[in-house]
Amino acid sequence: MQFVDEASIIVEAGKGGNGCLSFRREKYVPKGGPDGGDGGHGGTVYLIGDDALNTLIDFRFQRFYKAQNGQGGMGRQMSGRAGEDLHVKVPVGTTVIDEETLEVIADVTEIGQVVMVAQGGRRGLGNIHFKSSTNRAPRRTTPGTEGERRNLRLEMKVMADVGLLGMPNAGKSTLIRAVSAAKPKVANYPFTTLVPNLGVVKLGMHEHFVMADVPGLIEGASEGAGLGLRFLKHLTRTRLLFHVVDVAPFDESDPVEVAQAITHELGEFSPTLAELPRWLVLNKFDLLPAEDREERAADIVRRLGWEGPVFRISAISADGTDALVQAAYRWLTEQRQLENEDEEAAERAREMRQRMEDEAVARTEARLGRKRRKADEDDDDFDDDDYDVEVEYAP
């Protein structure tokens, strides 16, 4: 199945049913009076989080979703049937944005979470509501109101515990293949990974965590270069980042400068994301002579000024990967336990996640705004104003 993490859809709630204009007409019941019933309310459109979905591809084929209209009122004071609500399933981790206002309507982060995105129309009133002592035969009713209609943008962020960060060809896909059952494409050229890949890392019975591999970043990614701006948002849902650095790049670039560029792009995209716990993973050590490995690792750590955990691995041979995932699992377990036992720690974690989410949303809104402005500038269609010229006729 193709991975799709962005989609635009149109949702429309049902129209409310009209009120009925009717009078009681029965044998032996003179002057029966008004008996027009009310219409039914229009159906409302809801989005509901579903953990069985992991892509938005279905929304590429069906883009219009409409709830049922309310039924009109009837005589004998019978009300119309209310329109059936429409529940649309979306993957957990979906952000819902109004394309007209760029307002974030909701963030679906839990299984079964229900979000209303289009309110159904109100029912119309029948003429029975308008009778009075001075108006015994009212001919007044009210129509049902139109249902709400919205253009929505859905953006999905993968839900993972650990995110892989690094330049193209740093070995992220090879690493996730080595420690999980995920099988992303691996090749000796950049940008082999075009969509995020999720892998479940199993260490034993009931011991596992989810790892996310996102497309590699390049300089300028926070401004939209390469695939970075589109996929950096996925890292905001992780707890821990593995900064994968190629210690023996084929283009002979400086690993330290590459790592610093990635750190800069991370901070430009989201300063809070740059504060997320990050471990340095030095990859492809098998390509270095054995006598040079320790010296090369120490030089990289020293020049980066790195003070966090450092791991030396060779992803293709799985050398050192077991120690890496074991340490990650212990850290994740301790972090969850700390948040369960310490309310202040849990609140700090929630605040940090919310800040990352807000910064990612701001980046998304800015990107959509730029796309809209560019579309307006490139619009060469004729409008009515194009013909707004003054014509003088000669006598």
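Topic: the pairing of strand β13 (residues 278-283)
On any regular strand, side chains alternate: one points to one face of the sheet, the next to the other face. Within β13, six of the six residues are buried, which leaves it mostly tucked inside the rest of the structure. Residues Arg278, Leu280 and Leu282 of β13 are buried on one face, and the alternating residues Trp279, Val281 and Asn283, pointing to the opposite face, are buried as well. With six bridges joining them, strand β12 (residues 240-246) and β13 adopt parallel strand pairing. In the sheet register, valine 245 faces β13, and the bridge partner there is leucine 282. Bridge analysis of β13 against strand β14 (residues 310-312) gives three bridges, and the strand direction is parallel. Bridging across to β14, leucine 282 finds its partner in arginine 312. For the crossover from β13 across helix α6 (residues 293-304) to β14, the handedness is right-handed.

Some thoughts on the pattern of salt bridges
Scanning all chains against the criterion turns up 18 salt bridges. Among the salt bridges present, the one from glutamate 275 reaches arginine 355, with a minimum N-O distance of 3.8 Å. With glutamate 275 in the loop between α5 (271-274) and β13 and arginine 355 in helix α8 (residues 343-377), this pair connects stretches of sequence that are 80 residues apart. Residue arginine 355 is classed as partly exposed on the basis of its relative accessible area of 37%. Among the ionic pairs, arginine 350 bridges to glutamate 347, the shortest N-O distance being 2.8 Å. With arginine 350 and glutamate 347 both in helix α8 and three residues apart, this pair spans about one turn of that helix.

Here we look at the sheet that holds β12
Taken in spatial order, the six strands line up as β10-β11-β9-β12-β13-β14 in an open sheet, and their pairing is mixed. The strands lining the two open edges of the sheet, one partner per strand, are β10 (197-204) and β14. Averaged over all pairs of adjacent strands, the angle between their axes in this sheet comes to 25°, without regard to strand direction. Both strand β9 (residues 162-165) and strand β11 (residues 207-213) contribute to a ladder of three bridges, which runs parallel.

Some details on the packing of aromatic side chains
According to the stated counting rule, one finds three aromatic pairs in the structure shown. Look at phenylalanine 242 and tryptophan 279: their rings are 5.8 Å apart centre to centre, the planes differ by 20°, and that puts the pair in the stacked class. Residue phenylalanine 242 is located in strand β12, and its partner tryptophan 279 is located in strand β13; the two are separated by 37 residues in the primary sequence. The class of phenylalanine 242 is buried, set by a relative accessible area of 0%. Consider the rings of tryptophan 279 and phenylalanine 311, whose centres lie 5.4 Å apart with planes at 25°: the pair is stacked. Of the two residues, tryptophan 279 sits in strand β13 while phenylalanine 311 sits in strand β14, which places them 32 residues apart along the sequence. For the pair tryptophan 279 and phenylalanine 311, a shared accessibility class is recorded, and that class is buried. The rings of Phe242, Trp279 and Phe311 are connected pair by pair, giving a single aromatic cluster.

A look at helix α7 (residues 321-341)
Across its 21 residues, α7 extends 30 Å between first and last C-alpha, which sits within 8% of the 30 Å expected from 1.5 Å per residue. Turning to α7, its buried residues number three or more, namely Thr321, Leu324, Val325, Ala327, Ala328, Tyr329, Leu332 and Glu339.

Regarding the nonpolar core
Of all hydrophobic cores here, the largest spans 24 residues; its most connected members are Ile9, Val11, Val45, Leu47, Phe59, Val117 and Leu154. For this core, the secondary structure elements donating two or more residues are β1 (6-12), β2 (45-50), β4 (86-91), β6 (104-108), β7 (114-118) and β8 (149-156). When neighbours within four sequence positions are excluded, isoleucine 9 is seen to be in contact with Phe59, Gln62, Arg63, Tyr65, Arg150, Asn151, Leu152 and Leu154. Of all hydrophobic cores here, the second largest spans 23 residues; its members include Val162, Val244, Trp279 and Ala315.

With respect to the environment of arginine 150
Looking at where arginine 150 falls in the secondary structure, it is placed in strand β8. A relative accessible area of 19% places arginine 150 in the buried class. Along the sequence, arginine 150 and isoleucine 10 sit 140 residues apart, while their C-alpha atoms lie 5.8 Å from each other. Those residues in contact with arginine 150 that lie beyond four places of it in its chain are Ile9, Ile10, Val11, Asp98, Ile105 and Val117. At a separation of 3.4 Å, a polar atom in the side chain of arginine 150 contacts the side chain of aspartate 98.

The rules behind each value
- Residues numbered from 1 in each chain as written.
- Predicted model: local features only at pLDDT ≥ 70, side-chain atom pairs only at ≥ 80, totals over all residues.
- Heavy atoms only, no water.
- Buried < 20%, exposed > 50% of the residue type's maximum accessible area, 1.4 Å probe, protein only.
- Helix = DSSP H or I, 4+ residues; strand = E, 2+ residues; numbered from the N terminus.
- Pairing = 2+ DSSP bridges.
- Right-handed = clockwise from strand over helix to strand, strands pointing away.
- Salt bridge = Lys/Arg side-chain N within 4 Å of Asp/Glu carboxyl O.
- Axes fitted to C-alpha atoms, helices over the stretch in contact; angles between N-to-C directions.
- Phe/Tyr/Trp six-rings, centres within 6.5 Å; stacked < 30°, edge-to-face > 60°.
- Expected span 1.5 Å × (residues − 1).
- Core = buried A, V, L, I, M, F, W, Y, C linked by side-chain atoms within 4.5 Å.
- Contact = heavy atoms within 4.5 Å.
- Polar contact = N/O pair within 3.5 Å; in protein donor to acceptor, adjacent residues only side chain to side chain.

Purely geometric stuff here, so don't read any function into it on its own.
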